[in-house]
Amino acid sequence: MGKVLIIGAGGVGRVVAHKTAQMNDVFDEILLASRTKSKCDAIAKDVNEKYGKDRIKTVQVDADNVKETVALINDFKPDLIINVALPYQDLPIMDACLETGVSYLDTANYEPKDTPKFEYKWQWAYHDRFKEAGITAILGCGFDPGVTSIFTAYAAKHHFDEIHYLDIVDCNAGDHGKPFATNFNPEINIREITQNGRYWENGKWIETKPMEIHKPLNYPEIGPRESYLMYHEELESLVKNFPTIKRARFWMTFGEEYLTHLRVLQNVGMTSIEPIKVGDCEIAPLEFLKAVLPDPGSLGENYKGQTSIGCRIQGIKDGKKRTYYVYNNCQHPEAYNETGTQCVNYTTGVPATIGAALFMKGLWKKSGVWNVEQFDPDPFMDMLNKYGLPWHEKFDVDLEV
Ligand code: NDP
């Protein structure tokens, strides 16, 4: 049993709040903190109605301000912080953890506000200090990164002597009925997908133009969907932690309508992160765009369809070639009925809660800064089945990649 502090009351924070509240035997006190307290209160109202009065308490914090976070930690004394604010807050929250001796978990790697660049180097640089302080940092514990990394670790542990080719495939075949919306924080999402593509081959990174490489892939229960090669942050840690990998790629599906909107927004400069002057005020066009787009947390109500995310792996077992496909499909309406939000938040918040539970149980606890694939995948895989993200596997099938 332990005390958890959740920072960030967005779509993912909503799911983490629901899921931690369900685990009575693991989390005995839950505090939800965010920049806007009214957002915490709205989530806490729903959670406490479902799981009992005062199951979750709320407080305001600006997590960019290390002193403020330190004061909050010293007051509440959590065992672990689940950071589901934005990637910009990763380092200040890790600094606050070091100062107070509290462990840390997140779902997205640090990104400087003025450079859309996903790299683990900033967080990996905390390893020795976390080790010395005797505290744990669990990095990238959402779905991708997160479950996809654990799927890879599970495949390496049980089904392969060597993994040679890894293709992570992420399909959202849902329909929210809006002409254009992003499924998680629009600023972070658009920064991610407008970057150059990148994949690992034979010991080096190969760069592509954004969305340059694409092909149709078949997804279980969904069928063929055009899938685009993108860079995704788990590739960096997976090729380091599984050095037999010769090629690692990440594919995501996008609809024509979505890509057309994105192209127009890019062409008119609305996705730029360079601040411009408008009257007396300076604002980055992308921040303005975020303010006018639908809140991803609000997309759940009429969201139909499902997501399908998994790993398609080729390699060697007992001297023979083998292919393996492990995946989860998640239904938007089911995620909404349980937590009041859609699958993209659900598939991120459930793994974050499972990682936190495994830390509390002492199964995922070791001093230092670690990516999720560096922990034992087995208890995590068991909990995915119990807590709403059941997975399936196929052996020796055509992986289409
Ligand atoms: P949202 O924008 O919906 O929510 C983020 C929340 O963090 C908001 O409530 C925001 O507060 C709060 N916040 C922002 N800045 C601060 C601050 N300085 N101090 C305290 N709180 C702050 O984001 P999502 O829920 O969509 O995403 C949350 C995280 O999950 C992101 O890091 C995202 O990259 C990650 N993610 C990971 C995925 C994975 O599979 N690994 C997939 C999807 C998302 P306010 O409302 O006041 O602005």
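Residues numbered from 1 in each chain as written. Predicted model: local features only at pLDDT ≥ 70, side-chain atom pairs only at ≥ 80, totals over all residues.

1. Topic: the pairing of strand S5 (residues 103-106)
Phase 1: On S5, burial covers both faces: Ser103 and Leu105 on one face and Tyr104 and Asp106 on the other are all buried.
Phase 2: Taken together, the 4 bridges between strand S4 (residues 80-83) and S5 define a ladder with parallel strand orientation. Bridge pairing in S5 links Ile81 to Tyr104.
Phase 3: Tracing the backbone out of S4, into helix H4 (residues 90-100) and back to the parallel element S5 gives a crossover that is right-handed. (Buried ≥ 20, exposed ≤ 12 C-beta atoms within 10 Å, placed from the backbone. Helix = DSSP H or I, 4+ residues; strand = E, 2+ residues; numbered from the N terminus. Pairing = 2+ DSSP bridges. Right-handed = clockwise from strand over helix to strand, strands pointing away.)

2. With respect to the site of the ligand
Phase 1: The full set close to the ligand counts 34 residues, and Gly10, Thr36, Ala63, Gly142 and Phe184 are the nearest of them.
Phase 2: Mapped by element, the contributors of at least two residues to the shell around the ligand are helix H1 (11-22) and helix H13 (343-360).
Phase 3: Per-element tally for the shell around the ligand: the top contributor is H1, with 3 residues.
Phase 4: In the shell around the ligand, the residues fall into 16 nonpolar, 13 polar and 5 charged.
Phase 5: When we break the shell around the ligand down by domain, the ones giving at least three residues each are domain 1 (2-139) and domain 2 (147-340 + 391-395). (Near = placed C-beta within 6 Å. Nonpolar A, V, L, I, M, F, W, Y, C, P; charged D, E, K, R; others polar. Domains from an automatic or database assignment.)

3. Things to note about the nonpolar core
Phase 1: Of all hydrophobic cores here, the largest spans 105 residues; its most connected members are Ile6, Ile7, Leu32, Ile82 and Ala155.
Phase 2: The two domains that each donate at least three residues to this core are domain 1 (2-139) and domain 2 (147-340 + 391-395).
Phase 3: Aside from chain neighbours lying at most four places away, what touches Leu32 is Ile6, Ala9, Gly13, Ala17, Cys40, Ile43, Ala44, Ile56 and Thr58. (Core = buried A, V, L, I, M, F, W, Y, C linked by C-beta atoms within 7 Å. Contact = placed C-beta atoms within 7 Å.)

4. Details of the packing of H13 against helix H14 (residues 377-386)
Phase 1: Following both chains from N to C, one finds H13 and H14 inclined at 130 degrees, their axes separated by 10 Å at the closest point. Regarding the angle of H13 to H14, the classification is oblique. Between H13 and H14 lies a crossing whose hand is right-handed. Of the residues in H14, those in contact with Ile354, Ala357 and Leu358 of H13 are Pro379, Phe380, Met383 and Leu384.
Phase 2: Here the residues of the contact of H13 with H14 are counted per class, giving 7 nonpolar, no polar and no charged. (Axes fitted to C-alpha atoms, helices over the stretch in contact; angles between N-to-C directions. Parallel < 35°, antiparallel > 145°, perpendicular 65-115°, else oblique. Left-handed = near helix turned anticlockwise from the far one by under 90°.)

5. A short note on the domain arrangement of the protein chain
Where the parts come together, the accessible area they lose is often given as the size of the interface.
Phase 1: Each assigned domain of the protein chain is listed here: domain 1 (2-139) and domain 2 (147-340 + 391-395).
Phase 2: Placing a centre on the C-alpha atoms of domain 1 and another on those of domain 2 gives a separation of 24 Å.
Phase 3: In this assembly, 14 residues from domain 1 lie in contact with 14 residues from domain 2.
Phase 4: Of the residues that constitute the side of domain 1 that touches domain 2, the class distribution is 6 nonpolar, 4 polar and 4 charged.

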